[in-house]
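Here is what each chain is made of, one letter per residue.
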Amino acid sequence: MTAPAEPPADAPVRVRPEIAAMPTYKQGRQADASAHKLSSNENPFEPLPGVLEALAAATEINRYPDATAAALRARLAARYGVDLEAVHVAAGSVSILAQLIAATAGAGDEVLYAWRSFEAYPLLVTVAGATSVTVPVGPDGRHDLAAMAAAVTPRTRVVLVCSPNNPTGPAVRRAEFESFLAALPSDLLVVLDEAYAEFVTDPEAVDGLGPAGYRDRPQVVVLRTFSKAFGLAGLRIGYAIGHPRVLDAARATAIPLSVTAQAERAALASLEMEPALRERVAALVERRDRLVAGLREAGWRVPDAQGNFVWLATGEQTMQVAARFDEAGLIVRPFAGDGVRISVGADESVDSVIRIAASVVEGLPEGHPARALA
Ligand SMILES: *Cc1c(COP(=O)(O)O)cnc(C)c1O
């Protein structure tokens, strides 16, 4: 691709054409006080005990933070039984995704992932100058790992596997992930994006950091975040566990000093609160399962939900469906032409979502893919 001879009509300077063509990030709409914001998979609970105190104690804001986040990395290394160098911390796991893609893929290289999946993937690939190759998820919202393995070419540099898949919900199964890895070249980076790992209840689901995890598979990097189950989305902090040399490549592309001391302290404090965390996760899982059951009972076809959100494949009706929720004070996330993702929020939001959803499903044509087969 060559640079445009003239700046784009509305930009005063020359911008890479693929960047000029990118949509700017749209945040889930901010909700007014009476509405439930169910559009960004945020945690509805207040911070875990001790977190606000840890933040209040981190007052040296005239100083730069520790560039290596050594204290948090040491804590995570001990927790997962890996070396310090096998842990990388950044300002959100999205930052680590950007770093890994930038480190491995450039112009002419391919990054492979399922679609629909996390909306950040295509943007990060384009920014790196690489090319997205996508493989559709099945009608059940699951990754088609066999088709993904078949889509690998000599130009593929990274495969992104999102489990549970945002926004469709299911987790990748351990056995299919094993076969998938066995089918790949051993020098191809596989990023297992487990932003919602804490919410997974499927006993067959892959667990990148569990006893049967991937510490001995140098090509696999596991991403986790403090944004979802831990409820620290606003502080921007996430981590990767992987081979030290692979993580060195990510570290080399990182903007230094992006992880604040406040975020690091809050993460450390959160890790001390395992029992409280488990309680909250259990409450959210209970709400999620109640939501799925209620939606199915109302006539929706809902894919297996393993994160803190549910997916309705509303297709052409997506924007109208989202508007119906919106009118009822339920801010959901529409993906035009595809479906609506609804986060598990405050307890009282669950019944409201089911109630509105029950009236909306009636309006969908018979045989619509979002309707359960009668
Ligand atoms: C929310 C999310 C993340 C985490 O984002 P942070 O940058 O850590 O806040 C990563 N991957 C997926 C699929 C997500 O949904």
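Residues numbered from 1 in each chain as written. Predicted model: local features only at pLDDT ≥ 70, side-chain atom pairs only at ≥ 80, totals over all residues. Heavy atoms only, no water.

The name that an unreviewed UniProt entry assigns to the protein is Aromatic amino acid aminotransferase, with the source organism given as Microbacterium limosum. Word for word, the UniProt comment on the protein under Cofactor (unreviewed entry) is "pyridoxal 5'-phosphate". For the protein, the Function (unreviewed entry) comment in UniProt is given as "Aminotransferase that catalyzes the conversion of aromatic amino acids and 2-oxoglutarate into corresponding aromatic oxo acids and L-glutamate." (UniProt positions renumbered as here; feature names shortened; annotations may be inferred.)

Undergrad: Account for the packing of helix α3 (residues 70–80) against helix α9 (residues 261–271), naming residues and giving values.
TA: Between α3 and α9, whose axes approach to 9 Å, the crossing angle comes to 30 degrees. By the angle between their directions, the pair α3 and α9 is classed as roughly parallel. Crossing hand, α3 versus α9: left-handed. Residues Ala70, Ala71, Leu72, Arg75, Leu76 and Arg79 of α3 form the contact with α9, whose own contacting residues are Glu264, Ala267, Leu268 and Leu271. In terms of residue class, the contact of α3 with α9 is built from 7 nonpolar, no polar and 3 charged. (Axes fitted to C-alpha atoms, helices over the stretch in contact; angles between N-to-C directions. Helix = DSSP H or I, 4+ residues; strand = E, 2+ residues; numbered from the N terminus. Parallel < 35°, antiparallel > 145°, perpendicular 65-115°, else oblique. Left-handed = near helix turned anticlockwise from the far one by under 90°. Contact = heavy atoms within 4.5 Å. Nonpolar A, V, L, I, M, F, W, Y, C, P; charged D, E, K, R; others polar.)

Undergrad: I'd like to hear about the packing of aromatic side chains, residue by residue, with values.
TA: A ring pair, where both rings are aromatic, is described by two values, the distance of the centres and the angle of the planes. Scanning the entire structure with this criterion turns up 10 aromatic pairs. Taking the centre distance of 5.6 Å and the plane angle of 65 degrees together, the rings of Tyr113 and Tyr121 count as edge-to-face. Comparing Tyr113 with Tyr121, the two get one shared label, buried. Grouping aromatic residues by their ring pairs yields a cluster made of Tyr80, Phe226, Phe230 and Tyr239. (Phe/Tyr/Trp six-rings, centres within 6.5 Å; stacked < 30°, edge-to-face > 60°. Buried < 20%, exposed > 50% of the residue type's maximum accessible area, 1.4 Å probe, protein only.)

Undergrad: So what's going on with the packing of helix α11 (residues 318–327) against helix α12 (residues 347–362)? Residues and values would help.
TA: Where α11 meets α12, the closest approach of the two axes is 10 Å, and the angle between their N-to-C directions is 140 degrees. Of the possible angle classes, the one that applies to α11 and α12 is oblique. Seen from above, α11 lies across α12 with right-handed handedness. Residues Val321, Arg324 and Phe325 of α11 touch α12, and the partners they reach there are Val353, Ile356, Ala357, Ser359 and Val360. Residue classes in the contact of α11 with α12 are distributed as 6 nonpolar, 1 polar and 1 charged.

Undergrad: Summarise the side chain of Glu110; cite the residues concerned and give the values.
TA: Structurally, the position occupied by Glu110 is in strand β3 (residues 110–115). Here Glu110 is buried and forms no salt bridge, its nearest opposite-charge partner Arg155 lying at an N-O distance of 6.8 Å. Here Thr153 takes part through its side chain, which lies 2.8 Å from a polar atom of the side chain of Glu110. Setting aside its immediate chain neighbours within four residues, Glu110 contacts Thr131, Val133, Thr153, Arg155, Thr156, Arg157 and Val158. (Lys, Arg positive; Asp, Glu negative; His and termini not counted. Salt bridge = Lys/Arg side-chain N within 4 Å of Asp/Glu carboxyl O. Polar contact = N/O pair within 3.5 Å; in protein donor to acceptor, adjacent residues only side chain to side chain.)

Undergrad: Help me get a handle on the UniProt feature "modified residue: N6-(pyridoxal phosphate)lysine" (unreviewed entry) in the protein, residues and values and all.
TA: Under the feature "modified residue: N6-(pyridoxal phosphate)lysine" (unreviewed entry), the UniProt entry names Lys228. Among the secondary structure elements, Lys228 is positioned in the loop between β7 (220–225) and β8 (238–241). Assessed through its relative accessible area of 14%, Lys228 is described here as buried. Aside from chain neighbours lying at most four places away, what touches Lys228 is Ser40, Asn41, Asn43, Ala195, Tyr196 and Phe199.

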